[in-house]
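An overview of the molecular structure
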Amino acid sequence: MDCCGSPFDCLIFDLDDTLYSSKLGIAEALRKNIDDFLVEKCGFAENKASTLRVELFKTYGSSLAGLRALGYDIDADDYHSFVHGRLPYDLIKPDGQLRNLLCSIPQRKIIFTNSDRVHAIKVLKRLGLEDCFDQIICFETMNPNLSKSMRPDEFPVLLKPSMDAMKIALQAANVDPRRTLFLDDNARNVAAGKAMGLQTVLVGKPMKSKEADYVLENVNKLAQAIPEIWVIGEDNASTAPSINRIRSELDSILATTPVGA
Ligand SMILES: [Mg+2]
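Parameters and conventions
Residues numbered from 1 in each chain as written. Predicted model: local features only at pLDDT ≥ 70, side-chain atom pairs only at ≥ 80, totals over all residues. Heavy atoms only, no water. Buried < 20%, exposed > 50% of the residue type's maximum accessible area, 1.4 Å probe, protein only. Helix = DSSP H or I, 4+ residues; strand = E, 2+ residues; numbered from the N terminus. Arc of directions from axis to C-beta. Polar contact = N/O pair within 3.5 Å; in protein donor to acceptor, adjacent residues only side chain to side chain. Contact = heavy atoms within 4.5 Å. Axes fitted to C-alpha atoms, helices over the stretch in contact; angles between N-to-C directions. Parallel < 35°, antiparallel > 145°, perpendicular 65-115°, else oblique. Nonpolar A, V, L, I, M, F, W, Y, C, P; charged D, E, K, R; others polar. Salt bridge = Lys/Arg side-chain N within 4 Å of Asp/Glu carboxyl O. pLDDT = per-residue confidence, 0-100.

1. What to know about helix 8 (residues 163-173)
Along helix 8, the positions that sit buried rather than exposed are Ala-165, Met-166, Ala-169, Leu-170 and Ala-173. Buried residues of helix 8, viewed axially, fall in a sector of 130°; they line one side. Positive phi shows up at Asn-174, right after helix 8, with a value of about 55°.

Encoded structure:
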């Protein structure tokens with residue numbers, strides 16, 4: 001797309017804890033569901049589940065990836081319907097402010113999440129953003145062969161922040177990383193994005209990480225922090241409300257200024 005003037009052709013957004021607050025209770029419920037899965041489906045002791053979840057996440061990127069790497073034959077759809085299917089989605093409310101913000105961004109917008117597609121669509125619908133994105137890159141995009149595997153370790157589960165997952169995502173998005181803005185709440189994902197040549201935004205954190213080009217307290221602060229997204233060439237019509245506002249203010253100033261003053 002022609003966004004001449006702006007340094008970005010495309011914006012890639014993480015979903016969970018990036019497009020809505022990590023404090024809603026969804027992340028907490030997810031952690032509890034994963035612990036329950038480790039106990040009920042894999043037979044781990046209840047008092048070990050939380051520690052194991054954290055270890056699997058650190059080493060393999062997710063509990064599902066870790067369990068399969070360790071030889072547990074866990075079906076990805078079963079795992080996702082257990083840990084996501086019972087989340088309290090009603091805690092996620094429509095975000096009209098974010099919708100307006102996204103609608104004002106002229107560039108391509110893509111979701112890039114480690115979550116499965118069903119979860120991604122449910123969350124976007126709850127937020128009222130289901131029609132705001134051009135593409136969803138999700139668990140299924142990064143792991144197309146998993147359901148065909150004969151052994152759990154045949155195809156390693158690929159997720160952010162693995163470089164292989166990042167490569168698949170950028171190929172699916174078909175973008176020039178140097179002209180793409182990547183927003184994520186996870187500093188390790190941001191670091192992986194930076195290593196791929198993306199321009200990076202750490203979301204929901206008070207301080208910038210080393211690999212983040214920008215930091216946002218929350219995604220709704222995007223226009224204040226990175227106004228260059230909306231910079232366009234003189235020949236193009238503006239769709240950015242801030243630029244329209246500036247223009248209408250200029251127009252009204254000009255209208256009240258006597259000719260020749
Ligand atoms: Mg996230």
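2. Examining the side chain of Ser-6
Tracing the backbone through its elements, the reader meets Ser-6 in the segment before strand 1 (10-13). For Ser-6, a relative accessible area of 3% translates into the label buried. Separated by 3.2 Å, the side chain of Ser-6 and the backbone oxygen of Glu-228 make a polar contact. Other than its neighbours up to four places away in sequence, Ser-6 contacts Gln-107, Arg-179, Glu-228, Ile-229 and Val-231.

3. Topic: the packing of helix 1 (residues 26-40) against helix 4 (residues 76-83)
Axis separation between helix 1 and helix 4 bottoms out at 9 Å; the angle between their running directions is 130°. Between helix 1 and helix 4, the crossing angle belongs to the class labelled oblique. Together, Leu-30, Asn-33, Ile-34, Asp-36, Phe-37 and Glu-40 of helix 1 and Asp-78, Tyr-79, Phe-82 and Val-83 of helix 4 make up the contact between the two elements. Grouping the constituent residues of the contact of helix 1 with helix 4 by class yields six nonpolar, one polar and three charged.

4. Re the pattern of salt bridges
Under the counting rule described, the total for this entry stands at 11 salt bridges. For Arg-53, the salt bridge is made with Asp-35, and the minimal N-O distance between the two is 2.7 Å. Residue Arg-53 is found in helix 2 (residues 49-60), and its partner Asp-35 is found in helix 1; the two are separated by 18 residues along the sequence. As far as burial versus exposure is concerned, Arg-53 and Asp-35 are alike and both buried. The residue Asp-131 makes a salt bridge to Arg-99 at a minimum N-O spacing of 2.7 Å. With Asp-131 in the loop between helix 6 (117-127) and strand 3 (135-137) and Arg-99 in helix 5 (residues 96-103), this residue pair connects regions lying 32 residues apart in the sequence. Since its relative accessible area comes to 53%, Asp-131 is described here as exposed. Among the ionic contacts, a cluster of salt bridges with common partners joins Asp-14, Lys-160 and Asp-184.

5. Description of the confidence of the model for the chain
Confidence in the prediction for the chain averages 90 pLDDT; 87% of positions are at 70 or higher. Across residues 235-240, where pLDDT falls below 50, the model places 12 contacts with residues more than four positions away in sequence or in other chains. Note on residues 245-261: pLDDT under 50 across the span, and one contact to partners over four residues away in sequence or across chains.

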